[in-house]
Amino acid sequence: MLKVSIFGVGYVGLVTGACLAEAGHDVMCMDVDARKVERLREGHIPIHEPGLEPIVRRNLAEGRLHFTTSAEEAVAHGPLQFIAVGTPPDQDGSADLRYVLEVAASIARHMDGYKVVVSKSTVPVGTGDLVAEALAAGLAARSLSHAFDVVSNPEFLKEGSAVGDFQKPDRIIIGTDSDSAIALMRELYEPFNRNHERTLVMDRRSSELTKYAANAMLATRISFMNEVANLAERLGADIEQVRKGIGSDPRIGYQFIYPGCGYGGSCFPKDVRALAQSARQVGYQAALLDAVEAVNDRQKATLFTKLADTLGGEVALRGQTVAVWGLAFKPNTDDMREAPSRVLIERLWQAGAKVQAFDPVAMDETRRIYGERADLMLAPDKYAALEGAAALVICTEWQPFRAPDFGEMAQRMTRRLIVDGRNLYLPSKLQTEGWQYLSVGRTPTA
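Quick look at the structure, then.

The rules we used
Residues numbered from 1 in each chain as written. Predicted model: local features only at pLDDT ≥ 70, side-chain atom pairs only at ≥ 80, totals over all residues. Heavy atoms only, no water. Helix = DSSP H or I, 4+ residues; strand = E, 2+ residues; numbered from the N terminus. Buried < 20%, exposed > 50% of the residue type's maximum accessible area, 1.4 Å probe, protein only. Polar contact = N/O pair within 3.5 Å; in protein donor to acceptor, adjacent residues only side chain to side chain. Contact = heavy atoms within 4.5 Å. Pairing = 2+ DSSP bridges. Axes fitted to C-alpha atoms, helices over the stretch in contact; angles between N-to-C directions. Phe/Tyr/Trp six-rings, centres within 6.5 Å; stacked < 30°, edge-to-face > 60°. Lys NZ or Arg CZ within 6 Å of the ring centre and 35° of its normal. Arc of directions from axis to C-beta.

Details of the environment of glycine 164
Then comes step 1: Inspection of the secondary structure puts glycine 164 in helix H7 (residues 162-167).
Then comes step 2: Each C-alpha atom of the pair glycine 164 and proline 50 lies 9.5 Å from the other, and the pair is 114 residues apart in sequence.

Brief notes about the side chain of serine 439
Then comes step 1: Its place among the elements puts serine 439 in the segment after strand E14 (436-438).
Then comes step 2: Residue classification places serine 439 among the buried positions, given a relative accessible area of 1%.
Then comes step 3: A polar contact of 3.0 Å, which involves the side chain of serine 439, links it to the side chain of arginine 442.
Then comes step 4: Among residues more than four places away in sequence, those in contact with serine 439 are Glu233, Lys306, Asp420 and Asn423.

Overview of the sheet that holds strand E11 (residues 376-378)
Then comes step 1: Reading across from one edge, E11-E10-E9-E12-E13-E14 is the order of the six strands in this open sheet, with parallel pairing throughout. Looking at the sheet topology across the chains shown, the edges are occupied by E11 and E14. For this sheet the average axis-to-axis angle between neighbouring strands, irrespective of direction, equals 20°.
Then comes step 2: Note that strand E9 (residues 321-325) and strand E12 (residues 391-394) share four bridges and pair parallel.

As for the packing of aromatic side chains
Then comes step 1: Within this structure, the stated rule accounts for 11 aromatic pairs.
Then comes step 2: Between phenylalanine 166 and tyrosine 189 the ring centres are 6.4 Å apart and the planes differ by 45°, which places this aromatic pair in the tilted class. Residue phenylalanine 166 is found in helix H7, and its partner tyrosine 189 is found in helix H8 (residues 179-189); the two are separated by 23 residues along the sequence. Residue phenylalanine 166 shares its accessibility class with tyrosine 189, and that shared class is buried.
Then comes step 3: Members of the aromatic cluster, each reached through a chain of ring pairs, are Phe406, Tyr425, Trp435 and Tyr437.
Then comes step 4: In this structure, arginine 171 packs its charged tip against the face of phenylalanine 156, placed 3.7 Å from the ring centre.
Then comes step 5: Directly above the ring of tryptophan 349 sits arginine 373, whose terminal nitrogen or CZ lies 3.6 Å from the centroid.

Thoughts on helix H3 (residues 52-61)
Turn by turn, an α-helix covers 3.6 residues, leaving residues three or four places apart pointing in a common direction.
Then comes step 1: Those residues of H3 not exposed but buried are Leu52, Ile55, Val56 and Asn59. Projected onto a plane normal to the axis of H3, the buried residues spread over an arc of 100° and lie on a single side.
Then comes step 2: For H3, the secondary structure elements touched by its buried residues are helix H1 (11-22), strand E3 (65-68) and H7.
Then comes step 3: Positioned one or two residues after H3, glycine 63 has a phi angle of 80°, which is positive.

Here is the structure:
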């Protein structure tokens, strides 16, 4: 058992802390948000993540997981100090490191011996050097010279399956050249390495770049597939057949080649921009990264464009009711950061339309973002969202949307029109049932 402190109990920090405690370590999570800490002590988690809440509650009850607002208490807790605070984008797209460096300074103010400071936050290459400088400066201000090491240990968690990703990782990357830190990190992750060795040790800068490169690669696959889908529509091809044709090549595979209405969330958009900005800062123009973002921004607008064109232009949307299924950027999360649904809904409001929306878990988040509005009705279920709607637009591929009762849908809607941003249905089936069906990368049904 190791004593671990984690600064920041957002998505990454909470999942990391809970899963390390579940593996038997003694974990203290620190956050400046007193209300959040109080709720966590009661076993209430602030995010929707399948399987996380019972782990938090179990480890709270068994005394392996603690929450505090005291940085001094967290620093004193143990030798491993994880930084898992946010790195929001600055105006130029670069990562804002102020919270990371504030934590480093706080650790330096309170440390009384050797510490391994671990960066779990997604940060630009070279951030580890800045953390080391902040630690050294803080110790110097106290006229102390305690030893420390700084480690890059990026997370590779997918929202909606983060618990499984942490407990059964594809890889565990440790970025440091310190033998002492490597030994401690190997001990920490030993419970997750029993099936086979998953640890990759590298220098700190390579570790930092690995995280950005991984997310940029996945985002590139999505934008590439959306680019090909737009071409398929114009050439009369079926992108779903194309997807199967290229995915069967083992060099390509099937993951992250699904066409749709663009990627969102807290990682891909921010990390692609941050990596492109890092390139600019060293005098390199990362043209591919800029294109990935440009394609994604354009793709998020396609649902509105398809709907408006079908109804006769934006002016035809004024006074219309449009149903929206799916508000989160992906299934199994309530995260709506940079979600395609937000682009669609806000464009609909600009055009004078009313939105009736449903999402299995993101309704509270929608209320938090938009508040109460006369042109927004959050429906109690998917069918209620269709009442009196001239069209249905699907933004998120939630499982409950995959096999609806099209007969009931037709009874509730004023027109049989579906704009599907996730290609959930077979065009031939909907055409037989009299639906006008527009999807991504396939010929629309009349």
